[in-house]
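Breakdown of the fold
Spelled out from the first residue to the last, the chains are:
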Amino acid sequence: QTVEEYKKIIGDGFFDSVAIKQFGSGVIKYVGSNTLSDFREFPADIIYIEEVTECDKDNIPYALDRLGASKYQFKRYLGNPKNQGFGISEYFLKSNQKQWRVPCKKCGIFSSLDWFETVVREVIDESGVVVDYALRDSTRDAEGRREIRAICAKCGGELDRASSKGCWVEQNPGPTIEGYQI
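A quick note: this is a predicted structure, and the numbers were derived from the prediction, not measured. (Residues numbered from 1 in each chain as written. Predicted model: local features only at pLDDT ≥ 70, side-chain atom pairs only at ≥ 80, totals over all residues. Heavy atoms only, no water.)

Attention shifts here to unusual backbone geometry. We note that Glu51 has phi near 50°; this positive angle belongs to a residue other than glycine. Residue position: Glu51 is located in the loop between β3 (46-49) and α2 (60-65). Owing to a relative accessible area of 29%, Glu51 belongs among the partly exposed residues under this scheme. (Helix = DSSP H or I, 4+ residues; strand = E, 2+ residues; numbered from the N terminus. Buried < 20%, exposed > 50% of the residue type's maximum accessible area, 1.4 Å probe, protein only.)

Rendered as structure tokens:
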């Protein structure tokens, strides 16, 4: 309540609790996925299911049922993938699978910001076993006084992560479900 913009949004007649927050003319209710009784008696326009992989999957339909009277019925699933085809990965595989692409400052080719393609490379021993990872950014000083640059896999130039030309590119055109890999 100490941020001025937040005070403007909530106004004077707000209520506040751990589970329910009034925000402008709306209400935000935080519900744990592991307690079925928390899903009763509240209508919703938008459902955010955070850390889908960690949720009690049997309770998700109860959350979605809260959208029944809404003309919006927005559903958002968030999480960090742990197992291929399960949890957030399952939802992403059913989507158009958008990836953020940015241009290289040197060659202009657009690349995704994949950790293993643009930030580190594998260090392999004489047996062909990965033993370590090394930064692709070879000009970074040992003291780490600047952030690590993402490096173009094609030419070795720096990727322009702050480029206004950055864009989302569908990897799976066709599905009407939008999925974003961040």
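Take the packing of aromatic side chains next. One pass over the full model with this rule turns up five aromatic pairs. Both rings, one in Tyr77 and one in Tyr91, keep their centres 4.0 Å apart while their planes meet at 15°; by these two values the pair is stacked. Highlighted residues: Tyr77 in strand β4 (residues 74-77) and Tyr91 in helix α3 (residues 88-93), separated in sequence by 14 residues. For Tyr77, a relative accessible area of 23% corresponds to the partly exposed category. Between Trp100 and Trp168, the ring centres sit 5.3 Å apart and the planes meet at 65°, which makes this aromatic pair edge-to-face. Of the two residues, Trp100 sits in strand β5 (residues 98-103) while Trp168 sits in strand β9 (residues 167-170), which places them 68 residues apart along the sequence. Residue classification places Trp100 among the partly exposed residues on the basis of a relative accessible area of 29%. Aromatic rings pair up to connect Trp100, Trp168 and Tyr180 into one cluster. Looking at Arg66, its charged tip hangs above the ring of Phe42, at a distance of 5.9 Å from the centre. (Phe/Tyr/Trp six-rings, centres within 6.5 Å; stacked < 30°, edge-to-face > 60°. Lys NZ or Arg CZ within 6 Å of the ring centre and 35° of its normal.)

This part is about the nonpolar core. Listed in full, the 11 residues of the largest apolar core are Phe39, Phe42, Ala44, Ile47, Ile49, Val52, Cys55, Ile60, Ala63, Leu67 and Ile88. Looking at this core, the elements that each hand over two or more residues are β3 and α2. With near-sequence residues (within four places) excluded, Leu67 lies in contact with Ala44, Asp45, Ile46, Ile47, Gln73, Phe74 and Lys75. Membership of the second largest hydrophobic core comes to five residues, among which are Val102, Cys104, Ala150 and Cys152. (Core = buried A, V, L, I, M, F, W, Y, C linked by side-chain atoms within 4.5 Å. Contact = heavy atoms within 4.5 Å.)

Do not read the predicted coordinates in detail wherever pLDDT is low. Looking at the protein, pLDDT values average 87 and 90% of them are 70 or higher. Helix α1 (residues 4-10) is the least confidently modelled element of the protein, averaging 67 in pLDDT, while β9 averages 97, the highest of any element. (pLDDT = per-residue confidence, 0-100.)

A separate point is the environment of Cys155. The residue Cys155 is located in the loop between β8 (130-135) and β9 in this model. With a relative accessible area of 27%, Cys155 lands in the partly exposed category. Distance from Cys155 to Ile109, taken between C-alpha atoms, is 9.1 Å for residues 46 residues apart in sequence. In this structure Cys155 touches Cys104, Lys106 and Cys107, once residues within four positions along its chain are discounted.

Before going further, it helps to spend a moment on a nonpolar patch on the surface. Where nonpolar side chains cluster on the molecular surface, the patch consists of Ile46, Tyr48, Tyr72, Phe74 and Leu78 and spans about 500 Å² of accessible area. Relative to the assigned elements, Ile46 resides in strand β3. (Patch = residues over 30% accessible without salt bridge, like charges linked within 9 Å, V, L, I, M, F, W, Y side chains within 5 Å. Areas by Shrake-Rupley, 256 points an atom, 1.4 Å probe, with all protein chains shown as cover. Salt bridge = Lys/Arg side-chain N within 4 Å of Asp/Glu carboxyl O.)

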